[in-house]
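Each chain is listed here by its residues.
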Amino acid sequence: QVQLVESGGGLVQAGGSLRLSCAASGSTFSDNVMGWYRQAPGKQREMVARIASGGSSNYGDSVKGRFTISRDNAKNTVYLQMNSLKPEDTAVYYCAADSSRVLFRTRIDYWGQGTQVTVSS
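Residues numbered from 1 in each chain as written. Predicted model: local features only at pLDDT ≥ 70, side-chain atom pairs only at ≥ 80, totals over all residues. Heavy atoms only, no water.

Draft legend 1. Quick peek at the overall build of the chain. When helices and strands are tallied, the chain shows zero helices and 11 strands. Taken from N to C terminus, the helices and strands of the chain fall in the order β-β-β-β-β-β-β-β-β-β-β. Each principal axis of the C-alpha distribution contributes one length, and for the chain these read about 40 × 25 × 25 Å. Taking all 121 residues of the chain together, the buried fraction comes to 45%. Pairs at least 24 apart in sequence give 57% of the contacts found in the chain among residues at least 6 apart. For the chain, the exposed surface amounts to about 6100 Å²; the carbon and sulfur share of it is 45%. One finds the centroid of the 13 positive side-chain charges in the chain at a distance of 2 Å from the centroid of its 9 negative side-chain charges. (Helix = DSSP H or I, 4+ residues; strand = E, 2+ residues; numbered from the N terminus. Buried < 20%, exposed > 50% of the residue type's maximum accessible area, 1.4 Å probe, protein only. Contact = heavy atoms within 4.5 Å. Areas by Shrake-Rupley, 256 points an atom, 1.4 Å probe, with all protein chains shown as cover. Lys, Arg positive; Asp, Glu negative; His and termini not counted. Charge placed at Lys NZ, Arg CZ, Asp CG, Glu CD.)

Okay, structure coming up:
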């Protein structure tokens, strides 16, 4: 049974930083694209960042220059370093694992349960 377990969310003041982790179990995703998405109340889920096996990545426009996605294939884990956080970054953040190995071809097979990030002004 595949599980994606996120951790690292919490409450932080504007301008602060958080680091999210997503540990995968039940399957190996070292060759697959993994990503982070978020959903704020009343809004659609949006892509935050995606990363391919070799490390190439892309980001949503609202987080470029502030967030960094990385992965440790040996640990089957993906990370999201979030700096210069803003109140508008407040959302539930979800980890996702693709069946795709191509960064710009989205085929999400699995979702994590989500972790809350709240940024106070």
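Draft legend 2. Molecular detail of the pattern of salt bridges. With the rule as written, the count across this model stands at six salt bridges. A salt bridge links arginine 50 to aspartate 98, with the nearest nitrogen and oxygen atoms 3.2 Å apart. Of the two residues, arginine 50 sits in strand β5 (residues 46–51) while aspartate 98 sits in strand β9 (residues 91–98), which places them 48 residues apart along the sequence. In this pair, the class of arginine 50 matches that of aspartate 98, namely buried. Measuring nitrogen to oxygen at the nearest pair gives 3.1 Å for the salt bridge that ties lysine 64 to aspartate 61. (Salt bridge = Lys/Arg side-chain N within 4 Å of Asp/Glu carboxyl O.)

Draft legend 3. Examining the sheet that holds strand β8 (residues 77–82) more closely. Read from one edge of the open sheet, four strands run β1-β3-β8-β7, paired in antiparallel fashion. Each of the sheet's edge strands pairs with one partner strand only, and the pair in question is β1 (3–7) and β7 (67–72). The mean inter-strand angle of the sheet, taken between neighbouring strand axes irrespective of direction, is 15 degrees. Here six bridges tie strand β3 (residues 18–25) to β8, and the two strands are oriented antiparallel to one another. Bridge pairing in β8 links leucine 20 to leucine 80. (Pairing = 2+ DSSP bridges. Axes fitted to C-alpha atoms, helices over the stretch in contact; angles between N-to-C directions.)

Draft legend 4. Molecular detail of the pairing of β8. Counting buried positions along β8 yields five of six residues, so the element is predominantly enclosed. Here β7 runs beside β8; their pairing, made up of six bridges, is antiparallel. What sits directly across from phenylalanine 67, in β8, is methionine 82.

Draft legend 5. Fine view of the nonpolar core. Residues Trp36, Leu80, Met82 and Tyr93 are the most contacted members of the largest nonpolar core, which totals 28 residues. Of all the elements in the fold, those that place two or more residues in this core are β3, β4 (34–39), β5, β7, β8, β9 and β11 (115–120). (Core = buried A, V, L, I, M, F, W, Y, C linked by side-chain atoms within 4.5 Å.)

Draft legend 6. Seen up close, the state of the cysteines. Enumeration over the complete set of coordinates arrives at one disulfide. Disulfide pairing is shown between cysteine 22 and cysteine 95; the S-S distance is 2.1 Å. Linking cysteine 22 and cysteine 95, the disulfide has an S-S dihedral of approximately -75 degrees and is accordingly described as left-handed. Note that cysteine 22 is positioned in strand β3 and cysteine 95 in strand β9, a separation of 73 residues in sequence. Of the residues examined, cysteine 95 reaches a relative accessible area of 0% and is grouped as buried. (Disulfide = S-S within 2.5 Å.)

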